[in-house]
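Close look at the chain arrangement
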Amino acid sequence: MLETLTRGFKGARERLAGVRALSEDNVDEALRDVRTSLLEADVDFQVVKDFLARVKERALGEKVETRVKDASGQVHKVTPGQHFIAVCEEELTALMGPVDPDLASADGTTSIMLLGLQGVGKTTIAAKLARHLKKQGRRPLLVAADIYRPAAADQLEQLGQSIDVRVHRGAEGEQPPDICARAKELARDGGYDAIIYDTAGRLAVDDDLMVELEAIERVTSPANKLLVCDALMGRDAVNVAGAFAERIDLSGLVMTKIDGDSRGGAALAVKAVTGVPIKFLGTGETVDRLEEFRPEGLASRILGMGDIVGLVKDFEEVVDTQQAEEDAERILKGQFTMEDLLTQLKTIQKMGPLKEVMGKLPMFGDMADQVDEREMIKVEAMIQSMTKGERRDPEVIDKSRAQRIAGGSGRNPREVLDLVGRFRQMRQMMSQLGGGGAGGLLSKIPGMGNLAGAGMPGGFDPSMMMDGGGSRQMRRANQAKLRKQSKNKRKNARASRKKGRKK
Ligand SMILES: Nc1nc2c(ncn2[C@@H]2O[C@H](COP(=O)(O)OP(=O)(O)OP(=O)(O)O)[C@@H](O)[C@H]2O)c(=O)[nH]1
Ligand SMILES: [Mg+2]
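Residues numbered from 1 in each chain as written. Chains lettered and ligands numbered in written order. Predicted model: local features only at pLDDT ≥ 70, side-chain atom pairs only at ≥ 80, totals over all residues. Heavy atoms only, no water.

1. Section: the overall build of the protein
Our working rule: Under the DSSP-based scheme used, a helix requires at least four consecutive residues in state H or I and a strand at least two consecutive residues in state E, with every element numbered from the N terminus. Burial classes follow relative accessibility: with a 1.4 Å probe on protein chains only, a residue under 20% of its type's maximum area counts as buried, one over 50% as exposed, and anything between as partly exposed. Two residues qualify as a contact provided that any one of their heavy atoms is within 4.5 Å of a heavy atom in the partner residue. Using a 1.4 Å probe, accessible areas were evaluated by the Shrake-Rupley method; residue-level cover was limited to the displayed protein chains.
Per the secondary structure count, the protein includes 20 helices and ten strands. Residues classed as buried in the protein amount to 50% of the 503 residues present. When contacts within the protein are restricted to residue pairs at least 6 apart in sequence, those whose partners lie at least 24 apart make up 73%. Accessible surface for the protein amounts to roughly 23,500 Å². Of this, 48% is attributable to carbon and sulfur atoms.

2. Observations regarding the pairing of strand β6 (residues 194-199)
Keep this limit in mind: Strand pairing follows a simple DSSP-based rule, namely that at least 2 bridges must link the two strands.
Of all six residues that make up β6, six are buried, and the element is covered over most of its length. The alternating pattern of β6 places Ala194, Ile196 and Asp198 on one face and Ile195, Tyr197 and Thr199 on the opposite face, and all of these are buried. Where strand β3 (residues 110-115) meets β6, five bridges bridge the pair, whose relative direction is parallel. Within the sheet, the bridge partner assigned to Leu114 lies in β6 and is Asp198. In terms of strand pairing, strand β4 (residues 140-145) meets β6 through six bridges, oriented parallel. Within β6, the position partnered with Val143 by the bridge is Tyr197.

3. Regarding the site of ligand 1
Formally: When we say a residue is near a molecule or strand, we mean one of its heavy atoms is within 4 Å of it. Pairing of N or O atoms within 3.5 Å defines a polar contact, subject to two protein rules: one partner must be a possible hydrogen donor and the other a possible acceptor, and residues neighboring in sequence count only if both atoms are side-chain atoms.
Residues in close proximity to ligand 1 total 18 residues, the closest being Lys122, Thr123, Thr124, Gln155 and Asp259. Lys257 places a main-chain nitrogen or oxygen 3.0 Å from an oxygen atom of ligand 1. Out of a free accessible area of 650 Å², ligand 1 has 82% covered by protein chains. Looking at the shell around ligand 1 element by element, the count peaks at four residues for helix α5 (residues 122-135).

4. A few points about the packing of aromatic side chains
The criterion, for reference: When the centres of two rings from Phe, Tyr and Trp lie within 6.5 Å, Trp using its six-membered ring, the rings pair. Their planes under 30 degrees apart give stacked, over 60 give edge-to-face, and anything left gives tilted.
By the definition in use, this model includes two aromatic pairs. Ring geometry for Phe9 versus Phe51: centroids 6.5 Å apart, planes at 85°, classification edge-to-face. Here Phe9 is found in helix α1 (residues 3-15), whereas its partner Phe51 is found in helix α3 (residues 45-61), with 42 residues between them in sequence.

5. As for the side chain of Lys279
Which entries qualify depends on this criterion: By the counting scheme adopted, Arg and Lys are positive, Glu and Asp are negative, and His together with the chain ends is not counted. What counts as a salt bridge is simple: a side-chain nitrogen of Lys or Arg found within 4 Å of a carboxyl oxygen of Asp or Glu.
By the secondary structure assignment, Lys279 is in strand β9 (residues 278-282). Buried within the structure, Lys279 lacks any salt-bridge partner; its nearest side chain of opposite charge belongs to Asp100, at an N-O separation of 4.9 Å. Only 2.8 Å separates the side chain of Lys279 from the backbone oxygen of Asp100, close enough to count as a polar contact. Once you skip the residues sitting within four places of it in the chain, Lys279 turns out to touch Val99, Asp100, Asp102, Leu226, Ser251, Gly252, Leu253, Glu291, Glu292 and Phe293.

6. Regarding the environment of Thr347
Relative to the helices and strands, Thr347 is located in helix α14 (residues 338-350). Setting aside residues no more than four positions away along its own chain, Thr347 makes contact with Phe315, Val318 and Val319.

7. Regarding the nonpolar core
Rules: Throughout, nonpolar core names a set of buried Ala, Val, Leu, Ile, Met, Phe, Trp, Tyr and Cys residues whose side chains join them through atoms within 4.5 Å. Each domain's extent is set by a domain assignment, obtained either automatically or from a database.
The biggest cluster of nonpolar side chains holds 97 residues, and the ones touching the most others in it are Leu38, Phe84 and Phe244. No fewer than three residues from each of domain 1 (3-96) and domain 2 (110-303) sit in this core. Once you skip the residues sitting within four places of it in the chain, Phe244 turns out to touch Leu115, Gly116, Leu117, Val205, Leu209, Met210, Leu213, Leu227 and Leu250. Of all hydrophobic cores here, the second largest spans 30 residues; its members include Ala324, Ile397, Ala402 and Met430.

8. Observations regarding the side chain of Lys128
Among the structural elements, Lys128 can be located in helix α5. For Lys128, the residues in contact, after removing those within four places along its chain, are Gly282, Thr283, Gly284, Thr286, Val287, Arg289 and Leu290.

9. Things to note about the sheet that holds β4
Spelled out, the test is: For helices, the fitted line uses only the C-alpha atoms of the stretch in contact; every axis is such a line through C-alpha atoms, and the angle between N-to-C directions lies from 0 to 180 degrees.
Pairing within the open sheet is mixed, and its eight strands lie in the order β5-β4-β6-β3-β7-β8-β9-β10. Strand pairing shows two members of the sheet lacking a second neighbour, β5 (166-169) and β10 (290-292), which therefore form its edges. Neighbouring strand axes in the sheet, compared pairwise and without regard to direction, differ in orientation by 25° on average. Here α5 sits on the sheet in contact with β3, β4, β6, β7 (224-230), β8 (252-256), β9 and β10, set at roughly 175° to β6.

10. Regarding the pattern of salt bridges
All told, the structure shown has 28 salt bridges when counted by the stated rule. Across the salt bridge formed by Glu40 and Arg7, the nearest N and O atoms sit 3.3 Å from each other. Of this pair, Glu40 sits in helix α2 (residues 24-40) while Arg7 sits in helix α1, and the two are 33 residues apart along the sequence. When its relative accessible area of 41% is taken as the criterion, Glu40 is described as partly exposed. In this structure, the salt-bridge partner of Glu415 is Lys378, at a minimum N-O distance of 3.8 Å. Of this pair, Glu415 sits in helix α19 (residues 413-436) while Lys378 sits in helix α16 (residues 373-384), placing them 37 residues apart in sequence.

Set out below in C-alpha cells:
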C-alpha cells in the first residue's frame, strides 16, 4: 500500500541527509525523486506540478529553525533534511484535507447513499459502514437498491447477517427509487437511526445510471452522498469523481482497495481536482477493514513516518483497553511471559496485515516491505507447543524440551532456543524500561508504548522476536540505547546517593 509514493520521499530524505543547508540545487534534486514517484503512483499531473512548486518555495523561502522545543520543553535539533520533510508533510496534508470524517445526520437519522462504478466495493463499504455505525451505538438498516445484478441483494444480505444488521430488499420488479422510498419509511417506523442505500454500479458513467441515482436522491434526500472509488482506478478516479460531482452533490468519497495497489495516488489528488474530500478508506475485503480518513495520518505514512493515531485506533478496536493496561503494568515489572507474547502476536494479527501495522509504526515504516508474516506464524506455533509452565518460565527450556517443542511445531530445536534467547532479551528490556516510567500515546499497548518513553517513538519492533529482516540493525540500536540508558540511570543514582551523603 502506497509503496510507490513512499519510495520517492524516502529517496529525497536520503539525498538531503547530509546537507548543511537547503539550496536550489539539492532541493531540485530531492524533488526529482518525489516527482517521479508521484507520477508513477498515478497522481494527477497538474497536482504534482503545483505540489512540487509549493514545497520548493517553502523549503527555500522559510528560515529553518535549527532548534525546536517539543511539548515537554525538550529541545531538538532540526536538520535541513528534516525541515524539507516537514514541509512535505504539511503540504501533503493540506492537499488531502481538511476532512470532516463525521457522517452528517438529519432529524437524528444518519442516511448514506453509496454510488460508484461497477465492482469498486460499494456493497462491501455499505456493510463496513453499517458495522462502523453499529459500533457507535446506532441501529442501521441496509438497503439493497441494486436490482440489475442477480446476486447483488443476496450478497448484501449475507454481509448484513455477518454483522447482525437487517437488510431491506425490494419485491419482484420493484424499481430502485421505490425500494429506497419504502426502506426510508421502514426505517422511520422501525426505530432505525441510520440507513445505508447500496446502489447499482455500471461499467461507465452512463446517463441511465445518473437518472436513476438522481431519482433515488430525490426520494431519500440522504444527508451523505458518498462516491466509492477504488485505488486501482488510478487517475481515472479523479475523472469519475468529476463526472459524478456534476450530477450529484457529493459529500465525500470512499477510497477502497488501498491494500491492493502500491500506487494509490488518486487518494492524493482527488480532493485537489474535484473538491470532494475522502472520508473513508477501505483497506481489505473483510468488514472490519475500514478507516476514517485522516490526511495527516496518511501523509505521515506516505513519508515513512508511521501513523501513531491510526495505530492506536486500530489497537483500541481489537483490544480490551483495561486488560491491556493491567498487562502492561505486570510486564513492566518484569513478569513478561510467553503467554503475553502470544497475546501480543494475536493482537497484532487482529490489527491487520503485519506490513500495514509496521507501516504505521514510526521508524519502521521503511521496513514494512521486509517483514514476513510467516515468521510470526512460526513463533506462534512454537509457543503453542510449549507447556503452560514453559510459557510462564521459558528458562526451563533445555535441549531436550526444545527438541519436543520443535517436534510439535514442525521447527527445529535451534529455532526454539533462539526464540527463548530473544524472549530473554525482550523481558530484560521490558523490566529495565518499567523502572524508567513510560509515557506517550503508545504506552497503552503492552510492550509497545513502554518503549516510547525511552525516547524511541513507538519503539516496539514485532520482528524482534523473529529471525532475519531489517530488524537486526534496529535491535542492535535498541540494545545500545538501552545500555546507555541504564548506564545513565546508574550514574544518576550514584550522583543522588552522593548528594544525600553530603547533606
Ligand atoms: N482488497 C480489497 N478488496 C475489496 C475491498 N473492498 C471491496 N473489495 C472486493 O472487491 C470486490 C467487489 O466488491 P463489491 O462490494 O461487490 O463491489 P460493488 O461496487 O458493490 O460491485 P457492484 O455492485 O457489482 O457494482 C469484492 O470481491 C470485494 O471483496 C478492499 O478494500 N480491499
Ligand atoms: Mg454491489
